[in-house]
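So the chains spell out like this:
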Amino acid sequence: MKASIALVAFLLLSLSTTVVAQRRKATVDLIIRGGTVVTMDGSRRVIDKGGVAIHNGRILAVGKIADIDRNYAAPEVINAGGKVVIPGLINGHTHVPMTLFRGIADDLDLQEWLTKYIFPAEAKNVTEDFVRVGARLGLAEMIRSGTTTYCDMYYFEDAIADETSKAGMRGVLGETVIDFPVADNKTYDEGLAYTERFINKWRGNALIVPAIAPHAPYTVSEEHLKAARALSDKTGAPIVIHISETKREVDDSIKAKGASPVDYLNRIGFLNDRVIAAHMVWPTTDELGLLKKLGVGIVHNPQSNMKLASGVAPVPEMLKENLPVGLGTDGAASNNDLNLWEEIDTTAKLHKLISKDPKVVTAEEAFEMATIRGARALHLEKEIGSIEKGKRADLVVVDLDDLNQTPFYNIYSDLVYATKSDDVRTVIIEGRVVMRDRRLLTLNEQTIKADAHRYREQIIKSIGVKTVPE
Ligand SMILES: [Zn+2]
């Protein structure tokens, strides 16, 4: 009798502990398990045999897989064993529909390229449908190469936001305003009114941060720049702008306004910690100090700057001063792809060559610029850029055993100098799988290509593009 009471007590006890253990295991939406997790958090933790629990679009936990397994269960599990899990890459500067102009004119200087080819091609072709087709092409290309956030400036940005949100991609999307008639708005005032409606429509969206994008200090008047600043103050929307891209821009600014682009924009009260400045190739040391003090985000576009021979931005100096500097591809007409891995690799090499010092811009620093430092450049470091509890679940699973990655010694060396965009396997944005095992789930590659070919014919006719072979 005593023995049977003990047995019943034992059974009850073990049953209750099982129930307690099961209760403690929380059900989450998605778990990534088994990979090397490169967190890019404050202490740069790299977790071997790690795991990430994702719920409601956010990272709920990151740690050793044993700890994740003990505490969480999910209906969907991605096996990342033998692979690497990284924060989604951040492309800090694009003009996404320009994918349709990829390769229409190369090997020209900026002025000739812009005035003889790009501006006329845009005037004759850009419509809302063009922008949607080009955006879908760019979004597919970016997701395929592991980009989860991009910062854009173009026309019909409301349509781009719609395509971006449908693709499940994250974007800081700036409607371009400029002092001449463009495809979607004929005057600056119309452009700004469109931008205000656009901001009010998308503000608070989980994926889209609507922004104002005055093209550059040399294409937008002082009065209009101040109006853009006022709209940003009123709505809290960021401002995206090209600044100090070429030496000629700086010289012309000094001649016309008695100040460099950075000094001029500071003088008129335009710069602050909501500004995202693309290029910044020609700042002085004093200007870098000013940009740091004001909290201006900077986006370095090495391949575009090389292709248009614009110059080399002082990135080692920016890193030494701990400026928020990220990486961008720029539009596909001046790159000619939207592959951020190439920008990471180029950044780590270009600055060594130009400074004749192989110690500048280490692999880890270059990777940081595509992730957490890139998030700082977009003023989104509290939300994205690293794999940390509470942040948005933007993650990429990358292969680690391709021939070009074999054998393996150091994760940053591998990611920066050896990994290629083809090694990207699975992409998750806001907790949603948008590419699984290299198959896009939110975009149709075949339709995108067919639509792009249709525009190719139209563009060739519109400005007489010389094709090879004819
Ligand atoms: Zn640009």
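Because the structure is predicted, anything quoted here is derived from the model rather than measured.

Considering the nonpolar core
Residues Ile86, Phe101 and Phe367 are the most contacted members of the largest nonpolar core, which totals 113 residues. With 9 residues, helix 4 (residues 128-144) is the single largest residue contributor to this core. Within the second largest apolar cluster, 17 residues are counted, among which are Val52, Ala80, Ile387 and Ile428.

Description of the coordination of the zinc ion
Surrounding the zinc ion are the protein donor atoms His93 (NE2), His95 (NE2), His242 (NE2) and Asp330 (OD), which sit 2.1 to 2.5 Å from the metal. Residue histidine 95 is classed as buried on the basis of its relative accessible area, which comes to 11%.

A closer look at a negative patch on the surface
Together, Asp179, Asp189, Glu190 and Glu223 make up a region of like negative charge exposed at the surface. With respect to the helices, strands and loops of the structure, aspartate 189 is situated in helix 6 (residues 188-202). Of the residues examined, aspartate 189 reaches a relative accessible area of 56% and is grouped as exposed.

Here we look at the sheet that holds strand 4 (residues 46-47)
Strand order in this open sheet of 7 strands is 4-3-9-18-19-20-21, and the pairing throughout is mixed. Each edge of the open sheet carries a strand with a single partner, namely strand 4 and strand 21 (439-440). In this structure, strand 3 (residues 36-38) lies alongside strand 9 (residues 84-87), joined through 2 bridges in parallel fashion. In the strand pairing of strand 9, valine 37 is matched with valine 85. Of the strands in this sheet, strand 3, strand 4 and strand 9 touch helix 16 (residues 411-418), which is tilted by about 75° from strand 3.

Remarks on the packing of helix 3 (residues 110-125) against helix 17 (residues 445-463)
Two elements in contact, helix 3 and helix 17, have axes whose closest approach is 10 Å; the angle formed by their N-to-C orientations is 115°. Helix-helix and strand crossings are classified by hand; for helix 3 and helix 17 the assignment is right-handed. Residue-level contacts link Tyr117, Pro120, Ala121, Lys124 and Asn125 of helix 3 to Gln458, Ile459, Ser462 and Ile463 of helix 17.

Some details on helix 10 (residues 285-294)
Residues separated by three or four positions in an α-helix point in the same direction, a consequence of the helix having 3.6 residues per turn. Within the span of helix 10, buried status applies to Glu287, Leu288, Leu290 and Leu291. With its buried residues spanning 160° around the axis, helix 10 presents them on a single face. Opposite the buried face of helix 10, by more than 90 degrees, sit the exposed residues Thr285, Asp286 and Lys293. Check the buried side of helix 10 and you find it contacts helix 9 (261-267), strand 16 (297-300) and helix 12 (315-320). Taken from the residues just after helix 10, glycine 295 is the one with a positive phi, measuring 80°.

Looking at the pairing of strand 16
Of the two faces of strand 16, the one carrying Gly297 and Val299 and the one carrying Ile298 and His300 are both buried. Alignment of strand 15 (residues 275-279) against strand 16, held across 3 bridges, turns out to be parallel. Counted as the bridge partner of alanine 277 is isoleucine 298 from strand 16. As for the winding sense of the linkage, the β-α-β connection from strand 15 through helix 10 to strand 16 is right-handed. Relative to strand 17 (residues 325-327), strand 16 is paired through 3 bridges, and the arrangement is parallel. Residue pairing for strand 17: valine 299 is matched across the bridge by glycine 326.

Section: the packing of aromatic side chains
Counted by the stated rule, this structure contains 5 aromatic pairs. With a centroid separation of 5.2 Å and an interplanar angle of 40°, the aromatic rings of phenylalanine 101 and phenylalanine 130 are classed as tilted. Of this pair, phenylalanine 101 sits in the loop between strand 10 (89-94) and helix 3 while phenylalanine 130 sits in helix 4; the two residues are 29 residues apart in sequence, bridging distant segments of the chain. Of the two residues examined, phenylalanine 101 and phenylalanine 130, each falls in the buried class. When the ring of phenylalanine 130 is compared with that of tyrosine 455, the centres are 5.3 Å apart and the planes differ by 85°; the resulting orientation is edge-to-face. Pair noted here: phenylalanine 130 is in helix 4 and tyrosine 455 is in helix 17, with a separation of 325 residues, a long-range link.

Comments concerning the side chain of lysine 391
By the secondary structure assignment, lysine 391 is in the loop between helix 15 (372-377) and strand 18 (395-398). If we ignore the near neighbours within four places in the chain, the residues touching lysine 391 are Arg58, Ile59, Ile372, Glu381, Lys382, Glu383, Ile384 and Ser386.

A short note on the pairing of strand 2 (residues 30-33)
Sheet analysis places strand 2 next to strand 5 (residues 50-55), joined by 4 bridges and oriented antiparallel. Counterpart to arginine 33 in the pairing with strand 5 is glycine 51. As judged from the 4 bridges shared by strand 2 and strand 8 (residues 76-79), these two strands associate in the parallel manner. From the neighbouring strand, isoleucine 32 faces strand 8, where its bridge partner is isoleucine 78.

Scoring rules and cut-offs
Residues numbered from 1 in each chain as written. Predicted model: local features only at pLDDT ≥ 70, side-chain atom pairs only at ≥ 80, totals over all residues. Heavy atoms only, no water. Core = buried A, V, L, I, M, F, W, Y, C linked by side-chain atoms within 4.5 Å. Buried < 20%, exposed > 50% of the residue type's maximum accessible area, 1.4 Å probe, protein only. Helix = DSSP H or I, 4+ residues; strand = E, 2+ residues; numbered from the N terminus. Donors = N, O, S within 2.8 Å, 3.2 Å for Na, K, Ca; no water. Patch = residues over 30% accessible without salt bridge, like charges linked within 9 Å, V, L, I, M, F, W, Y side chains within 5 Å. Areas by Shrake-Rupley, 256 points an atom, 1.4 Å probe, with all protein chains shown as cover. Salt bridge = Lys/Arg side-chain N within 4 Å of Asp/Glu carboxyl O. Lys, Arg positive; Asp, Glu negative; His and termini not counted. Charge placed at Lys NZ, Arg CZ, Asp CG, Glu CD. Pairing = 2+ DSSP bridges. Contact = heavy atoms within 4.5 Å. Axes fitted to C-alpha atoms, helices over the stretch in contact; angles between N-to-C directions. Left-handed = near helix turned anticlockwise from the far one by under 90°. Arc of directions from axis to C-beta. Right-handed = clockwise from strand over helix to strand, strands pointing away. Phe/Tyr/Trp six-rings, centres within 6.5 Å; stacked < 30°, edge-to-face > 60°.

Coordinates in, geometry out; function isn't part of it.
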